[in-house]
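Below, each chain spelled out in residue letters.
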Amino acid sequence: MRGSVGLVLSSLLAGAAQAQAGNGVVQWSIQKRQPPVDVRRLGKRASTYEEVVTNEQTKGGYFATCRLGTPAQDLTLQLDTGSSDIWVPDSSAKICRATTSGGGCTLGAFDPSDSSTFNVTLPNEFDISYVDGSSSKGDYFTDVFEIGGATLQNMTMGLGSTTDIPYGLVGVGYAVNEAIVGNTGNISTAYANLPLHMMREGLINTNAYSLWLNDLDANEGSILFGGIDTEKYKGDLSKIQIYQTQRGIYSSFRVAMTSLQAVSPSGSDTLTSNDFPIPVVLDSGTTLSYLPQDLAQQVWKEVGAVYSPQFGLAVIPCYMATSKGSFSFGFAGPDGPRISVSMDELVLDLTNGSPPVFKSGEYKGEDACEFGIQNFTQAPYLLGDTFLRSSYVVYDLVNNEIGIAPTEFNSTKSNIVAFASAGAQIPSATVVPNQSQATDIPSVTSPAFAASKGFTDSASKDGVTNAAPGIPAAFGAGTAWMMIDGNGYGLCFSSFYFMRVIRAVAALNSSRAAASRHGVRYMSLGCRVALDTASPRWTASQLGTRGRYFSATSMSRAMSAADAALKQAKEQAAANMTPEAAAARMSPEEAKRLSQVRNIGIAAHIDSGKTTVTERILFYTGRVKAIHEVRGRDGVGAKMDSMELERERGITIQSAATFTDWRKKENGVDETYHINLIDTPGHIDFTIEVERAMRVLDGAVMVLCAVSGVQSQTITVDRQMKRYNVPRVSFINKMDRMGANPFKAVEQINNKLKIAAAAIQIPIGSEKEFEGVVDLVEMRAIRNDGQKGINLKISKEIPAELKELAEQKRQELIEKLADAAIRRATIALKFTPVVMGSAIADKSIQPMLDAVCDYLPNPSDVPNMALDLSRGEQPVALMPYNSLPFVGLAFKLEENPYGQLTYMRVYQGSLKKGQYLFNSRSSKKIRIPRIVRMHSNEMEDVAEIGAGEICAVFGVDCASGDTFTDGHLPYGLSSMFVPDAVMSLSISPKRSSDADAFSKAMNRFMREDPTFRLHVDEESEETIISGMGELHLEIYVERLRREYKVDCETGQPRVAYRETVQTRADFDFLLKRQSGGPGDYARVMGWVEPNPNHKEDNHFETQVVGGTIPDKYLAACGKGFQEACEKGPLLGHKVIGTSMIVTDGATHVTDSSDYAFNLASQMAFRKAFDEAGGQVLEPLMKTTITAPVEFQGSILMLMNKRGTIVDTEVGADDFTMVADCSLNAMFGFSSHLRAATQGKGDFSMEFSHYAPAAPHLQKELVAKYQKELEAKRTK
Ligand SMILES: Nc1nc2c(ncn2[C@@H]2O[C@H](COP(=O)(O)OP(=O)(O)OP(=O)(O)O)[C@@H](O)[C@H]2O)c(=O)[nH]1
Ligand SMILES: [Mg+2]
C-alpha cells in the first residue's frame, strides 16, 4: 500500500540506494522520504479543518532507486508489502507533464518509447486504486528491471498512463493481491511479481524476503530478498504462521497478536481486549499502528495520550519520546515471540515545523506529538512502521510464515544467510510451539495500570528533540484535505484489500459520489480514510456482490478473530495453492519431470493431414518402426486410424491417444520430452472428440494445408481451442503440393482467426522441390536426409537465394514478437508460432516436434481449476504435483475387448494401481485395478501415473466427464461442451434375434459418445437415434453391422425439430373420469407462455394460494408439464422455451391423485399450446463454404435457396461464405456443391440456433405427423 500521498515536497534524502546481489540474495537499501507534492490534492481543503491539517505531520514511505528499460532509466519507487504490482508513472502521463511548481514526476517517470525492450503484454489491464481514491491505470508491460544490482528480464509491470500519483510503487506482497487478480476475480490471471520472478530467474532461491527498518532517527532500512541478515536482529527468529484471508488464499501478512504488555520503571500491566487473538496485518506501507478500541484506550491511559477529536488522533506531549516505558507485543500464543517497542518509536511529529501546542488541560503549553498507536473499530488491525521498526520481519510467502525478532538498531554489521532452496524454511528460525493455543487468552479484566506512573515519571521534559528530524520547516502549511469530525476515526490505512473494500462499497453504491454520501470518504492525508458515525457496516454479503477476495475483510470481522482463521487454515491445508506456493513447493525432481511433459492434441480441418503427421511423429520418435499411410493403401494403415472403417474411408472417426518420447538436443545435451498426444478427427460430425481432447490437453498443434490455408473447420477447431484456452503451434502441412503458399496461410491465421501468428521458419524450395526449412530463430537451415527423412542435416549456411527472405521474415517475426517472448506469448494465447513441412514427403516434422517442446506449455504452465463443491463451486487451482491429493477427469470412455476403458487426465496427485478413488458425482468409491497408457488401440500396463499426465484405467464404471478424487477433496471439474444433436433417424434390427446385441451396442455407443442419443418413441414404438449429422449416424449403423453383426433397417434421416409457443394462453382444465372403481379427478387453472429469457429451457411455476391444490399434487403437475414437453403436441418433438404457470384448481376427496394431476397438466398444456400459437422450430446451421473465387456466383445461387448469408470474405484466390441455413435444406448439399464447384468447394456445418420453420413446412410437417398418429390409432 501506498503510504502518504502527499503533502510536502521535501529535499530528497541524500545518497543513492545501496544495493547488492548475488549468492541467492538481492538486497535493496531503502530510505524514508517525503513524496513530492501532488498539486491536485492541495487544491481543495475544507477550511474548518485547515489548521488541523497544516499541523499534521507528513509521513513518508520507504523509497529506493530502480532502473528500468534498455537503456536503463532511473526511477525512485516506494516499497510496499501491502500491494503486489510494480508500477511506474508513464512520462507522458498528465501528472508527469505538469510543469507548475511541485508538479511533474520528480522521482522519475518511465518513457517506454526510449526502451528497446519494452513490450506491452496486456493492454489497458493495469488498474489499481488506493484507499484515498487515487489510482493508476494503463497497460501491463514487460521490460528489464534492475533492483539492488540484480537484473530481471521481462518483468511484468503496470504503466501508469492515467494516474494521479507522481511516483511508482514496488508491491512485494502475494501475487494473488495483484490488481489484475482483483479486477478479473480470477486467480489464474496472477503473474510472477517481483519476488516470484526473482525466484524463477534463479536470483533468489525462494519467495521470501526480510525487512529491516532502522529506528525513527535513521530513516532508512533495507529489504533483503531471498535471505536473512542475522546481524540485524537480536536473539533468535521465531516462526509464526500467516493466516489466510479467505479459505485457501493468503493475500496479506496477517498474523495473530495474542498479548500486549505495558512495561515501565513503576511496574508492568497485561492489557486486555475482547478481540484477542487479534488479526493484525504487518504492513510496511502504513505509518502508524492500529489496535482495537478497548486495547488502544488502555495503551493511551498508560502513557497519558489523549484522543483529540479535533485531530482525530491520539496525541501525546512530545517529551514523552524520552519515556523509559515500552510496550511488548506478543504473537501466536503463550510461547510466541514478543517484540518490545519503546516510547521513542511511538512519539511522532505532527508537523514539519514547530509543533502545535496543547491549549488547555494537563499538558497546557506542551508541544503536541502524534502517538504511534491508534484505535480502529474493525479487523484486521494494522501494525505499521511504528511497530515494524522494532521488529525484524522475514516474510516467507511460500510456507506462509513470518519470522520475527527484535531489531538490532543501527547495526553496521552484516551476515547474510540465503534460503537454501525453493520452499526452504526460514534459516535459523525456531517454530513457535502451540500456536493453536493462540486462542487461549486471558479473561478480560481491566489492568491495574501499575506501569502508568513510570511512563510519565521517566520522561524528561528537557532537551526534547522532535522524533523525526531533518524535515524542512518551510512546508508547515502544505497538507491535504483533512477530515474527521468529533466522532470520526482517523487512520492511515493501507492494506490492499482494504482499498478494495472501499472500491467495493463505492461500486455498491454505484458511484464514488454516492459512496461518500454513505459515509465513505476519500481522504488524502497519507492514505487516510474517515468513516463517520453514520457509516454503514460493511457486511460480508454486501461485499460478496463485488468479489470474493475482498469480502474477506468483512468476513473476518464476522468471525471476529484469528481463531476462526486458525480453523480455516487447518481445514484448507490442501487448498493452499497460491502461485507462490505452487512454484516453490515443487521439488526440483517434480519441476524437472513436468518441464519435460507435453500433453498435446492435433486438431484441424478434415483431411489436412493430422493422422499422417502423427504417423511421422511416432516414427521419428521411435514409437513405430515403419510409416504406414492413411486409408491403408499398403494394407496396414496409419497407426492412429485403427478402426477398420477409418482405414477404409481414410478419415479419422475416433480420436486416438498415444505417448512417445522425443529426444531433443538442447545446448548440446539430449533432453527427453515425454509427449502424450491425441489425434482428433476433422469431420464436424465427430466434433465431440475434438471438444474433449481440448478440454484435457495443455497445448495443440493446429495443422493447416499449405494450399487451402484456413478452412471451415479450422475455424471450428480455433473456436474449440479458444473455448478451453489451449495454446497452439501452427503447422502448415502439404508444402509439397502445387500452389503451396505458407505465407498466405499465416496471413489467414492472423486475419481470419484473429490470433497473432508469424512464421518461425521459411521453406527451402517448394512443391516437388521442397527440401526443408530455415529456422528463423536460430538462423540455420534444416533438411531431412536418409531413408524416410530420419536424419536431419542442420547447417548454419542459409541458401544464398534465401538469405534476403530469411532476414525479411525474421524481421516480421521480431516485429510481432521478440524471440524470447514466443513461448510466453504462445502460452498466454496471444500468439501462435507457425512452422511448416510436408508429412507425406517426410519433411520437417522433427523441427515441429522441437517447436512443441519449445513453445507449448508443460502441465504446470497452464492454470487448471476445479470447482469446490462444498463452497458454492468456487474455483480452486489444481497443481500437477504427485504429492498432492488426487484429482482427475474421466474424459472419454471406450469399450474394448478387455473391458471398459476410461481415459483420464490426472490434474493433481499421482495414481497407483490398486488405489481407491471417489467419483464426485456419484460419491462411489472404486478401486483402480489396472492402469494403462494407450498407444492407439494397443496399450501398455503401468503401475503408476504421475500428476499432469494422461492414462486410461480399467474397470471403472462412470460417465464421461466425471471427476475423481482421493475422497478428501470436495472438488468437481467443469465438463466439456456437448453440442446438441440435430439429426435423427429411426432404426431397428432386421432380425429380432439381434435385439440383445443391438441394445448392448447402443448402450455402449451412448456411453462413449455424448453427442449420440437414443430414445424410443412410445407411440410409434420406434427406436430413434440422433446425432450430429448424416455421417455420424451412418457410422454407427455401420459399426453395428461390423462390430456386432447386427443389420439394421433405418428410416430417412430426420431433422430434430423443436416446438414452442408464441403468446400467452390461459387454461382451465378439468379431468373427471369415472370407470367403475375409483375415478380420476383433477382441475388445473393457469396459463402457458413463452419463457423469454431462456429460449432453450422450460419453466414451471405455481402461484396457488389457499391450498386449492395441495403441494404434492402441484409436484405432480410439474412432472406432467415436463413429460408433455418431451413430446410436443405438434410433431412429437421436444418443447423448448415455454413456461407453464398453475394458479388455481380443485381436488376431489377420493378421486384425486398424483396420477390425475399429472395427466390433467399434460392435457391442459396440450390444449393451451395450440391457443398459445404453438409453432415448429428448426435447427439453423452455421454453414461455412470455401471455394475458389470463380465459383462465387454459382454458390450464391445455391445458398440463396437454403439460408441467409451472414458473411462473405473474398480473398485473392478463395472466398469464404458463412450462412445460416435450415438443416432441412442441406440434405444432399455436398453433391450440389461438388457439382457447382467442380469438386473444388468444401463446406462445414454446425448447429447455430433454433428458428421458426417456414409456415408451409410447418403445415406440411404437422399434417404428416397427425396422419401418422391417425393411422396408428386406427390400426
Ligand atoms: N500432398 C500431401 N498430401 C498429404 C500430406 N499429408 C497428408 N496428405 C494426404 O491428405 C489426406 C488426408 O490425410 P490424413 O492424415 O488422413 O488427414 P487427417 O487430417 O487426419 O484427416 P481426418 O482425420 O479425417 O480429418 C491423405 O490422403 C494423405 O495422404 C502432405 O504433406 N502432402
Ligand atoms: Mg485423421
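Cut-off values and rules
Residues numbered from 1 in each chain as written. Chains lettered and ligands numbered in written order. Predicted model: local features only at pLDDT ≥ 70, side-chain atom pairs only at ≥ 80, totals over all residues. Heavy atoms only, no water. Helix = DSSP H or I, 4+ residues; strand = E, 2+ residues; numbered from the N terminus. Buried < 20%, exposed > 50% of the residue type's maximum accessible area, 1.4 Å probe, protein only. Contact = heavy atoms within 4.5 Å. Areas by Shrake-Rupley, 256 points an atom, 1.4 Å probe, with all protein chains shown as cover. Disulfide = S-S within 2.5 Å. Salt bridge = Lys/Arg side-chain N within 4 Å of Asp/Glu carboxyl O. Pairing = 2+ DSSP bridges. Axes fitted to C-alpha atoms, helices over the stretch in contact; angles between N-to-C directions. Core = buried A, V, L, I, M, F, W, Y, C linked by side-chain atoms within 4.5 Å. Donors = N, O, S within 2.8 Å, 3.2 Å for Na, K, Ca; no water. pLDDT = per-residue confidence, 0-100. Phe/Tyr/Trp six-rings, centres within 6.5 Å; stacked < 30°, edge-to-face > 60°. Lys NZ or Arg CZ within 6 Å of the ring centre and 35° of its normal. Near = heavy atom within 4 Å. Polar contact = N/O pair within 3.5 Å; in protein donor to acceptor, adjacent residues only side chain to side chain.

A few points about the overall build of the protein
Helix and strand content of the protein: 30 helices and 71 strands. Buried residues in the protein amount to 60% of all 1275 residues. Put simply, of all contacts in the protein between residues at least 6 apart along the chain, 74% involve residues at least 24 apart. In the structure as shown, the protein presents an accessible area of about 48,000 Å², 49% of it carried by carbon and sulfur atoms.

Brief notes about the state of the cysteines
Taken as a whole, this structure holds 2 disulfides when the rule is applied. With a sulfur-sulfur separation of 2.0 Å, Cys96 is cross-linked through a disulfide to Cys105. Handedness of the Cys96-Cys105 disulfide follows from its S-S torsion of about -80°: it is left-handed. Residue Cys96 is classed as buried on the basis of its relative accessible area of 14%. Cys105 sits in the buried class, given a relative accessible area of 12%. One disulfide bridge connects Cys318 with Cys369, the sulfur atoms lying 2.1 Å from each other. Residues Cys318 and Cys369 are joined through a disulfide that is right-handed, its torsion about the S-S bond being 100°. Taken together, the residues Cys318 in the loop between β20 (313-317) and β21 (326-331) and Cys369 in strand β24 (residues 368-371) connect sequence positions 51 residues apart. Sequence-ordered numbering of the disulfide-bonded cysteines in the protein gives the connectivity 1-2, 3-4.

Re the pattern of salt bridges
Applying the stated criterion across every chain yields a total of 41 salt bridges. Between Arg67 and Glu146 there is a salt bridge whose closest N-O contact spans 3.3 Å. On the criterion of sequence distance, the pair formed by Arg67 in strand β3 (residues 61-68) and Glu146 in strand β7 (residues 135-147) is long-range, its members being 79 residues apart. Relative accessible area serves as the criterion here: at 35%, Arg67 is assigned to the partly exposed category. Arg1041 is the partner of Glu1038 in a salt bridge, and the nearest nitrogen-oxygen pair spans 2.6 Å. In this pair, Glu1038 and Arg1041 are both assigned in helix α25 (residues 1030-1044), 3 residues apart and thus about one turn of the helix distant. You can call Glu1038 buried: its relative accessible area is 17%.

Concerning the sheet that holds strand β66 (residues 1099-1102)
The sheet built from 4 strands is open, its strands ordered β64-β65-β67-β66 with mixed pairing. At either end of the open sheet lies a strand with only one pairing partner, and these are β64 (1065-1073) and β66. The sheet shows a mean angle of 25° between the axes of neighbouring strands, direction not considered. Relative to the sheet, helix α26 (residues 1111-1126) contacts β65 (1080-1090), β66 and β67 (1138-1146), its axis offset from that of β66 by approximately 160°. Helix-sheet contacts for helix α27 (residues 1154-1171) involve β64, β65 and β67, and the interaxial angle to β64 is about 140°.

Topic: the nonpolar core
Residues Phe145, Leu194, Phe327, Phe329, Phe331 and Phe371 are the most contacted members of the largest nonpolar core, which totals 101 residues. Met1002, Val1046, Leu1071 and Ile1185 belong to the second largest nonpolar core, which has 72 residues in total.

What about the coordination of the magnesium ion (ligand 2)?
At the metal site, the magnesium ion (ligand 2) is ligated by Thr611 (OG1) and Thr652 (OG1), and these contacts range over 1.9 Å. One end of the pair, Thr611, is in helix α16 (residues 610-620); the other, Thr652, is in the loop between α17 (644-649) and β35 (656-666), and 41 residues separate them in sequence. Each member of the pair, Thr611 as well as Thr652, is classed as buried.

Things to note about the sheet that holds strand β36 (residues 669-679)
If you walk across this open sheet you meet the 7 strands as β35-β36-β34-β37-β38-β44-β39, and the pairing is mixed. Each edge of the open sheet is held by one strand with a lone partner, namely β35 and β39 (756-759). If you compare each strand with its neighbour and ignore which way they point, the axes differ by 30° on average. Along the sheet face, helix α15 (residues 588-595) touches β34 (597-604) and β36 and points at about 20° away from the line of β34. The sheet contacts of α16 involve β34, β35, β36, β37 (699-705) and β38 (728-733), and relative to β34 the element is tilted by about 150°.

What about the confidence of the model for the protein?
Of the residues in the protein, 83% reach a pLDDT of 70 or more, and the chain-wide mean stands at 79. Here residues 35-59 is modelled with pLDDT under 50, and outside its nearest four sequence neighbours on either side it reaches 89 contacts, counting other chains as well. Across residues 463-579, where pLDDT falls below 50, the model places 306 contacts with residues more than four positions away in sequence or in other chains.

Some words on unusual backbone geometry
Note that the residue after Thr70, namely Pro71, is joined by a cis bond; omega there is -10°. Mapped onto the elements of the fold, Pro71 is located in the loop between β3 and β4 (73-80). The peptide bond linking Phe276 to Pro277 adopts the cis configuration, its omega dihedral lying at -5°. Within the secondary structure, Pro277 sits in the loop between β16 (267-270) and β17 (278-282).

Describing the packing of aromatic side chains
As enumerated under the stated definition, the model contains 28 aromatic pairs in all. Each ring, one from Phe619 and one from Tyr620, has its centre 5.5 Å from the other, and the planes form 65°; the classification is edge-to-face. Across the pair, exposure class does not vary: Phe619 and Tyr620 are buried alike. Taken together through their ring pairs, the aromatic side chains of Tyr174, Tyr209, Phe225, Phe253 and Tyr395 make up a single cluster. Seen from the ring of Trp1087, Arg1064 lies directly overhead, with NZ or CZ sitting 3.8 Å from the centre.

Here's the deal with the site of ligand 1
The full set close to ligand 1 counts 20 residues, and Lys610, Thr611, Thr612, Thr652 and Asp736 are the nearest of them. The separation between a nitrogen atom of ligand 1 and a polar side-chain atom of Asp736 is 2.7 Å. For ligand 1, an oxygen atom lies 3.2 Å from a polar atom in the backbone of Ile840. Notes on ligand 1: free accessible area 640 Å², of which the protein chains cover 89%.

Structural notes on the side chain of Lys639
Turning to its location among the elements, Lys639 is positioned in the loop between α16 and α17. On the accessibility criterion, Lys639 (14% relative accessible area) is buried. In this structure the side chain of Lys639 is engaged in a polar contact, spanning 2.5 Å, whose partner is the side chain of Glu938. Those residues in contact with Lys639 that lie beyond four places of it in its chain are Glu615, Leu618, Val624, Arg647, His935, Ser936, Asn937 and Glu938.

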